[in-house]
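# Examining the three-dimensional arrangement
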Amino acid sequence: MNDIAVLDIAVLGNGRVGGNLATALARAGHQVTVADRTPGAAAHAARSARIVINATPGAGSLERLTALRAELRGKILVDVSNATTDGPDGLPADLLYPGSSLAERLQEALPDTRVVKTLNTMLFPVMTAPATLTQPPTAFLSGEDPQAKQTVRELLTGLGWRTEWIADLGGIQTARATEAAILFVPHVIRSSGFTPFAISVAR
Ligand SMILES: NC(=O)c1ccc[n+]([C@@H]2O[C@H](COP(=O)([O-])OP(=O)(O)OC[C@H]3O[C@@H](n4cnc5c(N)ncnc54)[C@H](OP(=O)(O)O)[C@@H]3O)[C@@H](O)[C@H]2O)c1
């Protein structure tokens, strides 16, 4: 266990992203509950958590999370999902919310919840092992609440993210930029396979 504060975290979604994050956050010393799609599981996990991570498919996330409005009140919602329409090969093809973003829609729908968008600009193994890439990746933060972003920053630090790799872009509207980065993903995967990668700002 490291010396960061122990947080109660609910991870919604037990797939590649959710499972990976839950394991790493538990290893970092946090109290983690994972909710799969079993009816009531997400509400149960979210109710007792201080931080809720959305790692479910982006296309249904707005509806799914709006249904948890009561459980999410006063909480930090860390949204790592990407809302896309998919092509015939199953890879993301286009944005579901052009001219906006899922994160903005979530923040509008959940005014009593502090939404922070992060980690959606990389393949899932990078989220919990950023130092394994040959060049430093970037973890972007978008959100209205500075304190919530500070808490998420600390979470990221516990997952191996160095301070200089974390870029706070500003308010929730900046998630439009990071969500649009999903448009790179199918092309990068087609050209170089599923080798872990991240979008990063180089200087
Ligand atoms: N994979 C990546 O590298 C990556 C990177 C960045 C962001 N993301 C985003 O992260 C999110 C999760 O991606 P993933 O790759 O982890 O997907 P995944 O492996 O398919 O996992 C999705 C999880 O969500 C669950 N789920 C599906 N529908 C649900 C519902 N209606 N209610 C509750 N849970 C439901 C799935 O349950 P079942 O197993 O029962 O279907 C599964 O546990 C997506 O929004 C994706 O865009 C993914």
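Structure first, text after, so check above.
Notes on the structure in this doc start here. Please read these numbers as outputs of a predicted model, since none were measured by experiment.

What counts and how
Residues numbered from 1 in each chain as written. Predicted model: local features only at pLDDT ≥ 70, side-chain atom pairs only at ≥ 80, totals over all residues. Heavy atoms only, no water. Buried < 20%, exposed > 50% of the residue type's maximum accessible area, 1.4 Å probe, protein only. Helix = DSSP H or I, 4+ residues; strand = E, 2+ residues; numbered from the N terminus. Contact = heavy atoms within 4.5 Å. Core = buried A, V, L, I, M, F, W, Y, C linked by side-chain atoms within 4.5 Å. Near = heavy atom within 4 Å. Polar contact = N/O pair within 3.5 Å; in protein donor to acceptor, adjacent residues only side chain to side chain. Areas by Shrake-Rupley, 256 points an atom, 1.4 Å probe, with all protein chains shown as cover. Nonpolar A, V, L, I, M, F, W, Y, C, P; charged D, E, K, R; others polar.

### Re helix H5 (residues 102–109)
Counting buried residues in H5 gives 6 out of 8 residues, a clear majority hidden from the surface. Turning to H5, its buried residues number three or more, namely Leu102, Ala103, Glu104, Leu106, Gln107 and Ala109. In this structure, the buried side of H5 is in contact with helix H3 (61–66), helix H4 (69–72), strand E4 (76–79), strand E7 (114–117) and helix H8 (175–180).

### Description of the nonpolar core
With 29 residues, the main nonpolar core has Ile9, Leu21, Ile51, Ile53, Leu119, Leu156 and Trp161 as its most contacted residues. Among the secondary structure elements, those contributing two or more residues to this core are strand E1 (8–12), helix H1 (16–27), strand E3 (51–54), E4, helix H6 (124–127), strand E8 (139–143) and helix H7 (146–158). Formed by 24 residues, the second largest nonpolar core is a distinct cluster that contains Ala35, Ala45, Ala49 and Ala103.

### Concerning the site of the ligand
Taken together, 18 residues lie near the ligand, and Asn14, Val17, Arg37, Thr56 and Phe124 sit nearest. Contact between the ligand and valine 17: an oxygen atom at 2.8 Å from a main-chain N or O atom of the residue. Contact between the ligand and glycine 58: an oxygen atom at 3.2 Å from a main-chain N or O atom of the residue. Surface burial for the ligand is 71%, taken as the share of its 880 Å² of free accessible area covered by protein chains. The set of elements that each furnish at least two residues to the shell around the ligand consists of H1 and H6. Classifying every residue of the shell around the ligand gives 8 nonpolar, 7 polar and 3 charged.

Function cannot be read off these values alone, since they describe shape.
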